[in-house]
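Close look at the chain arrangement
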Amino acid sequence: MLELSMHILDIAQNSLAAGSTRVEIRIWENLPEDLLVIEVKDNGRGIPGEMLPRVMDPFVTSRTTRPVGLGLSLLKEAAERCEGCLEVHSEEGRGTKVVARFRLDHFDRAPLGDMGATMGILISGNPEVDFLYEHQVDGQTYGLETGEMRKILGPIGLDDPSVLRFVQQDIQTGLKKIGAATFPKIMEVLR
Amino acid sequence: MKLKDLAERLGWELKTRNVPLEAEVQTGYSSDLLSDVLANSIEGDLWVTRQTHLNIVAIAVMRDLSGILLANGAEPDPDTLEKAAEKMVPIFRTTLPTFEVVGRLYQLGVTGAR
Amino acid sequence: MNVEELKKIREKVQKEMELRSGEKAIKIVVGMGTCGIAAGARPVMAAIKDELAKQSAGNVTVIQSGCAGFCEQEPLVDVLRPGEKKVTYGKVTPEKARKIVVEHIVGGRVPGEFVFAQEK
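Residues numbered from 1 in each chain as written. Chains lettered and ligands numbered in written order. Predicted model: local features only at pLDDT ≥ 70, side-chain atom pairs only at ≥ 80, totals over all residues. Heavy atoms only, no water.

1. Observations concerning the interface of chain B and chain A
Basically, it comes down to this: We call two residues contacting when some pair of their heavy atoms lies within 4.5 Å. Each of two parts loses accessible area, computed with a 1.4 Å probe, when they are put together; buried area is these two losses added. Throughout this description, the term salt bridge denotes a Lys or Arg side-chain nitrogen within 4 Å of a carboxyl oxygen of Asp or Glu. Any pair of N or O atoms that falls within 3.5 Å is considered a polar contact. Within protein, one atom must be able to donate a hydrogen and the other to accept it, and sequence-neighbouring residues count only if both atoms are side-chain atoms. Each helix is a run of DSSP H or I of at least 4 residues and each strand a run of E of at least 2, with the numbering of both proceeding from the N terminus. In the scheme used here, Gly and all other residues not listed as nonpolar or charged are polar, with Ala, Val, Leu, Ile, Met, Phe, Trp, Tyr, Cys and Pro taken as nonpolar and Asp, Glu, Lys and Arg as charged.
Between chain B and chain A, the contact holds 16 residues from the first and eleven residues from the second. Each partner contributes to the roughly 1200 Å² buried at the junction of chain B and chain A, and carbon and sulfur atoms together form 70% of this total. Between the two partners, chain B and chain A, sit zero salt bridges. Where chain B meets chain A, there are five residue pairs in polar contact (both at pLDDT 80 or more). If you list the elements that add at least two residues to the side of chain B that touches chain A, you get helix 2 (34-40), helix 3 (55-62) and helix 4 (78-86) of chain B. Counting residues per element, the side of chain B that touches chain A draws most heavily on helix 3 of chain B, at six residues. Grouping the constituent residues of the side of chain B that touches chain A by class yields nine nonpolar, four polar and three charged.

Rendered as structure tokens:
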């Protein structure tokens, strides 16, 4: 995938297919440590113990009720391409947590891309599910949470088109405010 | 051949404004892995890629490339075009897939020789 | 999150809601598996939702599905209108998606040139 936000959309689809009612997406950028961490945590049915070690194998099929696909192996490759790694933790009946680490300032680190579009599609396409999106850049945080949104929206469903537009806009503005998703050292070349 | 003549012959869309296209292009490099281009491109290479984000301009500047050709109809990000204009890096766009456009470039004498 | 902005949206939409019909009769399914996302499903879904809003088509649900096994045809979009057989559109782009909303969802006419498969 050309953007990390596409990978995140893909992994979140796995969470939804596993029957999750809550999906938490967190991104941390640590500039001094040159580290970018993405975490997708869900409360779905989890991955059975015997399958867990093979879950990042691109040849493990998803043609049963198990929604394990290419998404994880593509993300693993994307992380390892920039000296990072992918971990999958899971407990049957409780949920799954996918953690991808990347070197922030690596030339092959895919740009974050449009998180507004990803969260917009997730939230408006699955209005009964709870989503949390939290993005931290060296201590500055942006956050969005559907529980809070529902309280404010009252009778208006999260699948209303104006909600989609709000999510896209709010995330775009919010991330810009905290200086998210830059390549600080690489950008020095272009000064 | 000069960049501008290649662009005309092969029907590329010019994406940057007010950037000189007089460079003589004799070699090219094709890769979507920026670290690969950083390591293996040479000065004057025309770079064929599908990557569209700002970092491609950084690479072009660092390696003194003659220009960037975006294949498969890839559209450059707005900030990519802005920086490219500032740093005088020509960016073109073609709807042809990489393999096809590289083949046509080869026929016009632009090789991958290092 | 900009709470003030969201409150404004609630007020605005509540006013509009009185004019909309209740039943969500039409269903649109967008393939959102790995191959779908890689092929461009995200902007297709965004275009569909945006065009539905533009056309004030209030009786439509848009949902996502996983991989259907026809990866070369992604992005795939299914349209299910009451009384109609399911129509599957293939290789959908944001521009085609908008045409599908205007012609099929709103206009009731299937743009055959975009169709990949149709239930018999």
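Having seen it, we continue.
2. Description of the interface of chain A and chain C
It is common to report an interface's size as the accessible area lost on association of the parts. Tallying the contact residues gives 40 residues for chain A and 27 residues for chain C. Between chain A and chain C, a total of about 2800 Å² is buried, with carbon and sulfur atoms accounting for 65% of that surface. Scanning the region where chain A abuts chain C turns up one salt bridge. Residue Glu3(A) is joined to Arg42(C) by a salt bridge in which the shortest nitrogen-to-oxygen separation is 3.0 Å. There are 14 residue pairs in polar contact (both at pLDDT 80 or more) connecting chain A and chain C. Every element with two or more residues in the side of chain A that touches chain C is listed here: helix 1 (4-17), helix 2 (70-80), helix 3 (115-125), strand 6 (140-145), helix 4 (146-153) and helix 5 (161-177) of chain A.

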